[in-house]
Amino acid sequence: MSGGNRIAFHVKFIGIPNKSDVMTKTIHHQLFYVMKGMRRIHARRNAIRMSIDENEHCNNVTETTARNSPLTSARRSLQEIHTIEIHGADTSDYGKRRNSSVVDRSLSDGSLVLPSRKRSFDFTKNDQPLKVIVDVDAGVDDAMALILLLAADGIKLIQIMGITCTHGNTSVNNVCTNVLRLLGTAGRFDIPVYQGAEEPLILRETKCPIEFEHFHGLDGFGDLNFPHKPSMRMLQPENAVSALNNITSQHKEKVSLVCLAPLTNIALAMKTYAQFTSNLKDIFIMGGNSTDMKREVLLHSDRMGNITSAGEFNFYSDPEAAHIVLTRARCPIFLLPWETCLNTDISLDWRFNTLGAVRNTHMDLINAIEKKVWENSNFTSWLPCDAIIAAVLLRADIIKKSRKCHVTVELHGSHTRGQVVLDHLQMKDPNVTLIEEVDSSLLKKLLLWAAGYPDSSFE
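Below, the structure is looked at part by part. (Residues numbered from 1 in each chain as written. Predicted model: local features only at pLDDT ≥ 70, side-chain atom pairs only at ≥ 80, totals over all residues. Heavy atoms only, no water.)

Here we come to the sheet that holds strand β10 (residues 432-438). Here we have 8 strands laid out as an open sheet, ordered β3-β2-β1-β4-β5-β6-β10-β7, and mixed in their pairing. What marks the edges here is a single partner per strand, and that holds for β3 (193-195) and β7 (399-405). Strand-to-strand twist across the sheet, computed as the mean angle between neighbouring axes with direction ignored, equals 20°. Note: strand β1 (residues 130-136) against strand β2 (residues 158-165), 7 bridges, orientation parallel. Paired with D135 across the strands is T164, a residue of β2. (Pairing = 2+ DSSP bridges. Helix = DSSP H or I, 4+ residues; strand = E, 2+ residues; numbered from the N terminus. Axes fitted to C-alpha atoms, helices over the stretch in contact; angles between N-to-C directions.)

Put into structure tokens, the structure is as follows:
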């Protein structure tokens with residue numbers, strides 16, 4: 001940059017270890033946007049200087065110098081570029097705080113927020129996209145769901161208001177790190193991330209079988225020993241439980257919850273804030289099981305649980321939280337049980353040779369993690385459980401079979417704790433829509449589109 005003060009940015013690569021070709025490709029991709037952003041900053045600074053020179057009323061030289069310092073100019077330019085050109089002008093107080101804080105934190109951390117890759121198509125049909133909060137315990141299946149939701153956010157089909165993190169597949173600190181790592185590869189640090197519950201409402205005395213306890217690796221992302229770690233200063237200072245209430249209070253009956261983890265954060269919000277349940281639009285949950293599904297439709301015999309013989313991981317990890325959510329919610333609940341995921345017909349060969357053929361920064365990350373995780377498992381099919389419920393949010397027509405029923409959770413059984421109990425006698429009013437079958441072909445199509453597969457589309 002010629003003349004005047006120079007602006008230096010340190011760009012960190014947070015991606016796949018020991019992959020020189022991927023790193024080279026990623027650095028080239030990021031540097032393109034760095035230079036593009038710097039040229040815009042330079043042009044904007046020059047325009048500001050010209051305007052100041054022509055302004056006869058500008059008599060405070062010190063204030064003028066400060067206003068046009070490289071750091072101040074960079075913050076202002078990046079905020080305007082990121083807000084208007086990438087995400088649309090959000091003039092609400094919440095939007096202003098979100099965009100301002102992320103730029104300030106990124107620059108102070110020595111890293112530049114890179115704009116998202118613009119797609120060559122736009123399926124925007126809604127002037128007011130559906131507002132969504134995603135609760136995660138990332139986990140590689142959470143990561144694939146986030147990629148799908150980020151793609152929908154990118155075409156303004158939805159607006160991700162925040163990502164709340166909780167315990168589950170790994171510690172909540174690792175979950176936050178994993179979410180920030182994924183957002184970094186997607187260039188989406190504008191999305192607020194909140195740290196939530198560190199443990200379930202009631203600690204269990206017995207541990208899960210080790211092969212399921214750390215299915216996703218100790219760190220939740222396959223234990224790949226990444227060379228860099230995202231700064232935890234990128235997290236919002238507000239706790240996830242408080243954020244759930246504040247966001248839904250600002251947008252009453254307009255926010256959908258997508259729950260991909262043990263329901264501790266959601267249960268705490270319901271018990272802490274009386275108005276929280278009435279402010280929700282609807283809830284989409286991946287969790288639990290359906291013990292009355294006909295045995296002949298199950299691909300894996302009568303195995304109803306995945307963490308115990310009767311319990312699914314998310315519900316078993318915090319049965320009391322699941323019970324609270326199912327009994328206190330006052331909005332529609334869509335529940336995707338474990339058995340439905342088992343019946344989703346997607347082979348590991350398709351996952352790694354078709355979907356895995358997509359090469360970009362975020363897919364390189366997920367491909368490396370999933371390859372490590374699934375190669376070490378005993379599964380013969382790919383089970384993108386969290387991505388399925390994310391797809392249900394985006395495309396209701398992906399549901400091929402469902403029914404309304406009353407569901408609760410067993411809390412006291414020594415062998416059945418965490419198991420979903422359905423009201424077979426139909427003595428109680430339904431409280432959930434139980435998703436029993438989904439369209440695997442449509443799911444594949446959506447995943448290819450979200451990953452960036454050539455000539456793929458949302459419709």
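Before going further, it helps to spend a moment on the nonpolar core. Core analysis: the largest hydrophobic core is formed by 80 residues, its most contacted members being V134, V136, V179, L355, W382 and I389. Per element, the largest residue contribution to this core is 11 residues, and it comes from helix α5 (residues 140-154). Other than its neighbours up to four places away in sequence, L355 contacts M144, W350, M363, W382, L447, L448 and A451. Core analysis: the next-biggest nonpolar cluster, separate from the first, contains 38 residues, Y194, F276, A322 and V325 among them. (Core = buried A, V, L, I, M, F, W, Y, C linked by side-chain atoms within 4.5 Å. Buried < 20%, exposed > 50% of the residue type's maximum accessible area, 1.4 Å probe, protein only. Contact = heavy atoms within 4.5 Å.)

This next bit is on the environment of V392. Position of V392 relative to the elements: it lies in helix α16 (residues 385-394). For the pair V392 and F284, spaced 108 residues apart in sequence, the C-alpha to C-alpha distance is 8.2 Å. Beyond its immediate stretch of four places on either side in the chain, V392 contacts F284, I398, I399 and I435.

Turning to the environment of L448, a few remarks are in order. Tracing the sequence through the fold places L448 in helix α17 (residues 440-451). Residue L448 is classed as buried on the basis of its relative accessible area, which comes to 14%. Between the C-alpha atom of L448 and that of L148, which follows or precedes it by 300 residues, the distance is 9.3 Å. Leaving out residues up to four positions away in the same chain, L448 has contacts with W350, T354, L355, Y453 and S456.

All right, on to α17 then. Every α-helix winds through 3.6 residues per turn, so residues three or four apart in the chain are directed the same way. Between its first and last C-alpha, α17 extends 16 Å over 12 residues, near the 16 Å set by a 1.5 Å rise per residue. The element α17 is largely enclosed, with a buried count of 9 among its 12 residues. Of all the positions in α17, only S440, L442, L443, L446, L447, L448, W449, A450 and A451 are classed as buried. Elements in contact with the buried residues of α17: α5, α14 (348-353), α15 (361-375), α16 and β10. (Expected span 1.5 Å × (residues − 1).)

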